[in-house]
Amino acid sequence: MPHTYTAVITGAAADRGIGMATAYAYARAGWGIAILDLDGDAAVRVAAQIAADTGVKAVGARVDVADETSVEAAQKAIDVHVAAGDIPSVGALANIAGITSPVPFLETTLSLWNTVLAVNATGTYLMTRAFLPAMIEQRFGRIVNMSSVSAQRGGGVFGKVPYSAAKAAVLGLTKALARELGDSGVTVNAVAPGAVDTNIRVGSTDEQEAAIANAIPLGRTATTAEVADVIVFLSSDQASYLQGTTIDINGGSHLH
Ligand SMILES: NC(=O)c1ccc[n+]([C@@H]2O[C@H](COP(=O)([O-])OP(=O)(O)OC[C@H]3O[C@@H](n4cnc5c(N)ncnc54)[C@H](O)[C@@H]3O)[C@@H](O)[C@H]2O)c1
């Protein structure tokens, strides 16, 4: 049965990415789909493919989540699609777009620091600010933010200091916003995956990947589907009493 609402998913155009797997998981649960990605052509292409594969309504558009003007334009573009009946109104926002950096602290330039913070943390803030008002107005919304085990234990996978700091900012944003939302009908929660099998660690050597897998009690990295399913759960009616929480998806690699 088609879902009443659309899920907006950022960073969902990359092949093998968590975002694309999440978009498919939402679609299989019947949600309308809006793919927003830095690669606008790929976003449109992936949306069309999801619509063809699953039968849900889906649109795609470009966004740079770190850029206020771009985020506002993307939000307006989605509004136009909703008004035209291309997709249902937005009920979920999955802030998945992110970048990492393996550069050691003393080699980290201010520019690199700012970029990593801008995409992961400011991007989550800007997207949430853009889509929250309509969720509050309709008294239903599910926001799911992408953190990382790196925020909780200070890296240890691939990303270094700016990445851990940015993903920790995402957790702080999630918790503080949860308090402010009160009984608005909108929930905001986070997921904190450990290593997931995607292209984000391009440049990682076979030895580094083996060391990552060996340090995980389950003995392997997560599949993108294993992360996607938790995000869709957090967006479901069954998750109505989860507010400001973080769900770890790390194969037992960080137990706290
Ligand atoms: N793969 C992992 O091991 C892992 C672990 C924990 C958390 N994460 C987080 O999960 C998210 C997805 O990671 P992934 O592994 O699928 O990465 P990925 O590199 O495969 O995909 C990232 C996507 O984000 C998009 N993107 C990048 N900058 C953007 C911007 N400024 N605006 C809009 N879109 C932008 C890219 O185009 C791409 O589609 C990231 O936030 C990442 O930090 C990944």
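Just so it is clear, the structure is predicted and the values come from calculations on it, not from any experiment. (Residues numbered from 1 in each chain as written. Predicted model: local features only at pLDDT ≥ 70, side-chain atom pairs only at ≥ 80, totals over all residues. Heavy atoms only, no water.)

Draft legend 1. Structural view of the site of the ligand. Within the structure, the ligand sits among 27 residues, and I18, D37, Y163, T198 and R201 are positioned closest to it. For the ligand, a nitrogen atom lies 3.3 Å from a polar atom in the backbone of L38. Between the ligand and T198, the relevant distance is 2.5 Å, taken from an oxygen atom to a side-chain nitrogen or oxygen of the residue. Alone, the ligand offers 830 Å² of accessible surface; in the complex the protein occludes 91% of this. In a pocket analysis with a 2 Å cut-off to the grid points, the ligand is assigned to the largest pocket. When the residues that make up the shell around the ligand are grouped by side-chain class, the tally is 16 nonpolar, 7 polar and 4 charged. (Near = heavy atom within 4 Å. Polar contact = N/O pair within 3.5 Å; in protein donor to acceptor, adjacent residues only side chain to side chain. Areas by Shrake-Rupley, 256 points an atom, 1.4 Å probe, with all protein chains shown as cover. 1 Å grid on protein atoms, 1.4 Å probe; cavity = no way out; pocket = protein on both sides within 12 Å on 5 of 7 lines; lining within 4 Å. Sits in = over half its atoms within 2 Å of the grid points. Nonpolar A, V, L, I, M, F, W, Y, C, P; charged D, E, K, R; others polar.)

Draft legend 2. Geometry of the layout of surface pockets. Looking at the largest pocket, its volume works out to about 740 Å³. Considering the residues around the largest pocket, the lining is formed by 39 residues, among which I96, A97, G98, I99 and I200 are closest to the centre. A class-by-class count of the residues in the lining of the largest pocket yields 19 nonpolar, 14 polar and 6 charged. (Points joined across faces, edges and corners; volume = space filled by probe spheres on them.)

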